[in-house]
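As a plain string of letters, each chain reads:
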Amino acid sequence: MQRTMLQSKLHRVRTTHSELDYEGSCAIDETLLDAADIKEYQQIDIYNVNNGERFTTYAIRAERNSGVISVNGAAARKASPGDLLIIASYAVYSEAELATFKPKLVYVDAQNRIKDQRQHIPVQAA
């Protein structure tokens, strides 16, 4: 059996740009992509804390250490500059891989600079 699990999460990043006239995607500071092990063009889900919108797009690289989180294209209608977002990536794991599975959690400050990183250890069912 295989299960789709949370691979990583950028927790409460702040939207810096909302670019409607763009082909699509979400530009993310390269430092944050690396910390969360999100690859350019990888599918991501975005959860907007401010308005409850939830949508799927893909990640593109923004300048390293820029703090940029730019929601682009049609998705720009779902997030405005200043909105808090949770950006999640998911991956498929085998039962054997789940034995050592730990999602990467990245927490940021108000300028989207990393303040904490963890690998969460899920609670095992008894």
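The rules we used
- Residues numbered from 1 in each chain as written.
- Predicted model: local features only at pLDDT ≥ 70, side-chain atom pairs only at ≥ 80, totals over all residues.
- Heavy atoms only, no water.
- UniProt positions renumbered as here; feature names shortened; annotations may be inferred.
- Helix = DSSP H or I, 4+ residues; strand = E, 2+ residues; numbered from the N terminus.
- Rg over C-alpha atoms; globule rule 2.2 N^0.38 Å.
- Buried < 20%, exposed > 50% of the residue type's maximum accessible area, 1.4 Å probe, protein only.
- Contact = heavy atoms within 4.5 Å.
- Areas by Shrake-Rupley, 256 points an atom, 1.4 Å probe, with all protein chains shown as cover.
- Lys, Arg positive; Asp, Glu negative; His and termini not counted.
- Charge placed at Lys NZ, Arg CZ, Asp CG, Glu CD.
- Core = buried A, V, L, I, M, F, W, Y, C linked by side-chain atoms within 4.5 Å.
- Pairing = 2+ DSSP bridges.
- Axes fitted to C-alpha atoms, helices over the stretch in contact; angles between N-to-C directions.
- Salt bridge = Lys/Arg side-chain N within 4 Å of Asp/Glu carboxyl O.

Going by the annotation in an unreviewed UniProt entry, the name recorded for the chain is Aspartate 1-decarboxylase, with Methylobacillus methanolivorans given as the source organism. Checking UniProt for the chain, the heading Pathway (unreviewed entry) contains the comment "Cofactor biosynthesis; (R)-pantothenate biosynthesis; beta-alanine from L-aspartate: step 1/1."

Time to look at the overall build of the chain. Counting its regular elements, the chain contains two helices and nine strands. Listed N to C, the secondary structure of the chain is β-β-β-α-β-β-β-β-α-β-β in terms of helices and strands. The C-alpha atoms of the chain give a radius of gyration of 15 Å, which matches the 14 Å a tight globule of 126 residues would have. Expressed along its principal axes, the backbone C-alpha trace of the chain runs to roughly 50 × 30 × 25 Å. Counting every position in the chain, which comprises 126 residues, the buried fraction comes to 44%. Considering only contacts within the chain whose residues lie at least 6 apart along the sequence, 75% involve residues at least 24 apart. Of the roughly 7,200 Å² of accessible surface on the chain, a fraction of 46% belongs to carbon and sulfur atoms. Charged side chains of the chain number 15 positive and 16 negative; the gap between the two group centres comes to 7 Å.

What follows is about the UniProt feature "modified residue: Pyruvic acid (Ser)" (unreviewed entry) in the chain. Following the UniProt record, the feature "modified residue: Pyruvic acid (Ser)" (unreviewed entry) maps to Ser25 here. With respect to the element layout, Ser25 can be found in the loop between strand 2 (17-19) and strand 3 (26-29). Residue class for Ser25 comes out buried when judged on its relative accessible area of 2%. The contacts of Ser25, once residues within four sequence positions are left out, are Thr57, Tyr58, Ile60, Ser70, Val71 and Asn72.

Core analysis: the biggest nonpolar cluster contains 21 residues, and Leu10, Ile28 and Ile87 have the highest contact counts within it. Going through the elements one at a time, strand 1 (2-14), strand 3, helix 1 (30-36), strand 4 (43-48), strand 5 (54-62), strand 6 (69-72), strand 7 (84-94) and strand 8 (104-108) are the ones with two or more residues in this core. Among the elements that take part in this core, helix 1 stands out by supplying four residues, more than any other. Excluding anything up to four places from it in sequence, Ile87 contacts Ser8, Lys9, Leu10, Val13, Cys26, Ile28, Ile44, Asp45, Ile46 and Ile69.

Another aspect to go through is the sheet that holds strand 7. By way of backbone hydrogen bonds, the strands of a sheet pair with one another, either parallel or antiparallel. Pairing is mixed in the open sheet, where nine strands are placed in the order 2-6-3-5-4-7-1-8-9. Of all strands in the sheet, those bounded by a partner on one side alone are strand 2 and strand 9 (114-119). Strand-to-strand, the axes of this sheet are offset by a mean angle of 30 degrees, without reference to chain direction. Relative to strand 9, strand 8 is paired through five bridges, and the arrangement is antiparallel. Across the sheet, Lys104 pairs through a bridge with Gln119, a residue of strand 9.

On inspection of all chains with the given rule, the structure shows seven salt bridges. Note that Asp37 is salt-bridged to Lys39, the shortest N-O span being 3.2 Å. Measuring nitrogen to oxygen at the nearest pair gives 3.1 Å for the salt bridge that ties Lys78 to Glu53. Of this pair, Lys78 sits in the loop between strand 6 and strand 7 while Glu53 sits in the loop between strand 4 and strand 5; the two residues are 25 residues apart in sequence, bridging distant segments of the chain. On the basis of relative accessibility, which here comes to 29%, the residue Glu53 falls in the partly exposed class. Connected through salt bridges with shared partners, the residues Glu30, Asp34 and Arg64 form a single ionic network.

What follows covers the UniProt feature "active site" (unreviewed entry) in the chain. If you check UniProt for "active site" (unreviewed entry), the listed places come out as Ser25 and Tyr58 in our numbering. On the basis of their most widely separated C-alpha atoms, the annotated residues across 34 residues gather in one place, lying no more than 5.0 Å apart. Considering the arrangement of structural elements, one finds Tyr58 in strand 5. Contact partners of Tyr58, with chain neighbours within four places excluded, come to Gly24, Ser25, Cys26, Tyr41, Gln42, Gln43 and Ile44.

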